[in-house]
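# Results of the structural survey
Here is how the chains run, residue by residue.
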Amino acid sequence: YTEGPEELRTARMAIARYSLLRAKARLQGAKRRREDPRELEVGGCLYRSSVSSARAVVQQCSELGDSRPISHCAFSPDGASLAACGWGGSLSVWSVPAVTKRWAAPLPKDTPRFTGLATGASDGVCRLYSGSGEVVRTLEGHTDRLARVAFHPMGGHVATASFDGTWRLWDAATGACLLEQEGHSRAVYGLAFQPDGSLAGSAGLDAYGRIWDCRTGRCVLTLEGHVKAVLAIDFAPDGYHLATGSEDHSAKIWDLRKRGCVYTLPAHNSLLSCVRYERSGGHVLLTAGYDCVAKLWSCRDHKLLKLLAGHEGKVMGADISPDGSHTVATVAYDRTIKLWAPEAPPAAPA
């Protein structure tokens, strides 16, 4: 046992207050939907609408985004911007849906991997950027290169996953390292926060996923089932489902209530680089892999809804817009950014 700093205690209390309010609202909404027939009907309509939109997704735009392979992309919370980074060492922000470059950040020391407006580089440093592309803070402490970066839903904390076998929680305002979390026997490659903010999920190259209670720092569940490295993890909006993607070519769906895997998707013919839930309702799951395609799946019956084929190289990153439009962005080894969106219905005859 090692006593943590007072800043960690303060952060955990803030996270607890925030997550309890969010969890209360989420559970009240779930109870209302279960007991009210009208809510059930509305939920069914929303699900059918999401499935219909996913099946109608087609490629809308393709742009050459970098001089070298592009490794990651992420939408802004309002879905109006897309950030991407590549092996060329540049971070750029693009407008959506036009896919025109808004700005490119000054080159950091090493190649970044991007989530939100924070980058993690192979020099082990996380950099936080302003909306205009200026570095406002650097987070130093890891002893090996970074794999992923994730913002806590509350907005004031950043988590970093590293090849040094740990993940860390940082105060975004002060740059202080609040927590250095061990638990994986190999590199930590993926990170995600539950929408309530109470839980964090880590994906490791040791073939395990782990669920952590952000309010206590304890590992509350180990996700055992993949036979190779776990490379991606994401929580569903309902708060108790999550998905993991692995080097074993599969995606697994986990239910925290049952403390185990409830379904395995034989998703791709190569390793999975990304799993992402649609944020507005959680009806659709996006997966991307090194077999050069991305796929959209139904979260209710786990059926394939749409195959997004068009890249000439392995798809290294993908994201689905949080604005409910079902817009999908993919980036790949072929150096392109592709935007996919539901095809507009034909205009009615005059």
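Counting from 1, residues in each chain are numbered in the order their sequence is written. Where totals are concerned, whole chains, interfaces and linings use all residues; where local detail is concerned, this predicted model gives features only for residues with pLDDT of at least 70, and gives and counts side-chain atom pairs only at 80 or more. For side-chain calculations, the full set of non-hydrogen atoms in the structure is used, while hydrogens and water are omitted.

### Focus on the pattern of salt bridges
For clarity, the cut-off: Just to be clear on terms, a salt bridge is a Lys or Arg side-chain nitrogen sitting within 4 Å of an Asp or Glu carboxyl oxygen. By definition, any uninterrupted DSSP run of H or I lasting at least four residues is a helix, any uninterrupted run of E lasting at least two residues is a strand, and each is numbered from the N terminus.
Enumeration according to the criterion identifies 11 salt bridges in this entry. Ionic pairing is found between Asp196 and Arg26, a salt bridge with its closest N-O pair at 2.7 Å. Residue Asp196 is found in the loop between β14 (188-193) and β15 (199-204), and its partner Arg26 is found in helix α1 (residues 6-35); the two are separated by 170 residues along the sequence. When salt bridges that share partners are traced, they join Asp234, Arg276, Arg279 and Asp319 into one network.

### So, the nonpolar core
The following threshold applies: We call a set of buried residues a nonpolar core when its members are Ala, Val, Leu, Ile, Met, Phe, Trp, Tyr or Cys and they connect through side-chain atoms within 4.5 Å of each other. Summary of the burial criterion: residues with accessible area below 20% of their type's maximum are buried, those above 50% are exposed, and those between are partly exposed, where the area comes from a 1.4 Å probe applied to protein chains only. Here a residue-residue contact requires only that any non-hydrogen atoms of the pair lie within 4.5 Å.
By size, the foremost hydrophobic cluster in this structure holds 17 residues, and its most contacted members are Leu286, Ala288, Leu296, Leu308 and Val328. Those elements giving two or more residues to this core turn out to be α2 (37-55), β23 (284-289), β24 (293-298), β25 (304-309) and β26 (315-320). In this structure Leu296 touches Ala54, Val57, Val284, Leu285, Leu286, Lys303, Leu304, Leu305, Lys306, Leu308 and Val328, once residues within four positions along its chain are discounted.

### Description of the sheet that holds β25
Spelled out, the test is: Strand pairing follows a simple DSSP-based rule, namely that at least 2 bridges must link the two strands. Lines fitted to C-alpha atoms define the axes, with helix axes restricted to the stretch in contact, and inter-axis angles between N-to-C directions lie between 0 and 180 degrees.
Read from one edge to the other, the open sheet built from four strands follows the order β22-β23-β24-β25, with strand pairing classed as antiparallel. At either margin of the open sheet sits one strand with a lone partner, and together these are β22 (272-277) and β25. With strand direction ignored, the average angle separating the axes of adjacent strands in the sheet is 15°. Where β22 and β23 come together, five bridges link them in antiparallel fashion. Within the sheet, the bridge partner assigned to Val275 lies in β23 and is Thr287. Helix-sheet contacts for α2 involve β23, β24 and β25, and the interaxial angle to β25 is about 30°.

### Some remarks on the packing of aromatic side chains
Worth spelling out the cut-off: Pairing of aromatic rings covers Phe, Tyr and the six-membered ring of Trp, with a centre-to-centre limit of 6.5 Å; geometry is then stacked below 30 degrees between planes, edge-to-face above 60, and tilted otherwise.
Under the criterion given, the structure shown has three aromatic pairs. Centroid distance Trp87 to Tyr333: 5.6 Å. Interplanar angle 85°. Geometry classified as edge-to-face. Taken as a pair, Trp87 in the loop between β3 (81-86) and β4 (91-95) and Tyr333 in the loop between β27 (328-332) and β28 (336-342) lie far apart in primary sequence, 246 residues in all. The class for Trp87 is partly exposed, based on a relative accessible area of 31%. Measuring from ring centre to ring centre gives 6.2 Å for Trp167 and Trp212, while their planes differ by 65°; the resulting arrangement is edge-to-face.

### Observations concerning the pairing of β14
Judged by how many residues are buried, β14 sits mostly within the fold: six of six residues are covered. When β14 meets β15, the two strands line up antiparallel, connected through five bridges. Bridge pairing in β15 places Gly190 opposite Ala203.

### Regarding the sheet that holds strand β21 (residues 260-265)
With antiparallel pairing, four strands are arranged side by side in an open sheet as β18-β19-β20-β21. The strands lining the two open edges of the sheet, one partner per strand, are β18 (230-235) and β21. Within the sheet, the average angular offset between the axes of one strand and its neighbour, ignoring direction, is 25°. Here five bridges tie strand β19 (residues 241-246) to strand β20 (residues 251-255), and the two strands are oriented antiparallel to one another. Following the sheet pairing, Gly245 is matched in β20 by Ala251.

### Some thoughts on α2
Heads up, the condition is: A helix's residues, less one, multiplied by 1.5 Å, set its expected span. The definition of a polar contact used here is a pair of N or O atoms within 3.5 Å, where within protein one atom must be able to donate a hydrogen and the other to accept one, and adjacent residues in sequence count solely through side-chain atom pairs.
The terminal C-alpha atoms of α2, which comprises 19 residues, lie 27 Å apart, in line with the 27 Å expected from a rise of 1.5 Å per residue. Buried residues of α2: Gly44, Tyr47, Ser50, Val51, Ser53 and Ala54, and no others. Residues of α2 that are buried in the fold lie against β1 (57-64), β23, β24, β25 and β28. With a side-chain oxygen lying 3.0 Å from the backbone nitrogen of Arg38, the N-terminal cap of α2 falls on Asp36.

### Structural notes on the side chain of Asp319
Here Asp319 is to be found in strand β26. Within the structure, the side chain of Asp319 is placed 2.7 Å from the backbone nitrogen of Phe75, a separation counted as a polar contact. Asp319 has contacts with Cys73, Ala74, Phe75, Arg276, Leu286, Thr327, Val328 and Ala329, leaving out every residue within four places of it along the chain.

### Some words on the pairing of β21
Pairing of β20 with β21, which is carried by five bridges, proceeds in the antiparallel orientation. Within the sheet, the bridge partner assigned to Ile253 lies in β21 and is Tyr263. The turn linking β20 back onto β21 is made up of four residues, and Arg259 within it adopts a positive phi angle of 60°.

### Overview of α1
In an α-helix, one turn spans 3.6 residues; hence positions three or four apart end up facing the same way. In a regular helix each residue adds 1.5 Å, so 30 residues correspond to 44 Å; α1 covers 44 Å between its end C-alpha atoms and thus fits that length. Those residues of α1 not exposed but buried are Leu8, Ala11, Arg12, Ile15, Ala16, Ser19, Ala23 and Gly29. Of the surrounding elements, those touching the buried residues of α1 are β11 (157-162) and β13 (177-181).

### As for the confidence of the model for the chain
Rules: pLDDT expresses, on a scale from 0 to 100, how confident the predictor is about each individual residue.
Overall, the prediction assigns the chain a mean pLDDT of 89, with 94% of residues at 70 or greater. Low pLDDT, under 50, characterises residues 109-116; the predicted model gives this stretch 43 contacts beyond four residues in sequence or across chains. Note that residues 346-350 has pLDDT below 50 and, in this model, zero contacts with residues that lie over four places away or in other chains.

### Section: the side chain of Ser270
Within the element layout of this structure, Ser270 appears in the loop between β21 and β22. Those residues within four positions of Ser270 in sequence are excluded, and the remaining contacts are His249, Tyr290 and Asp291.

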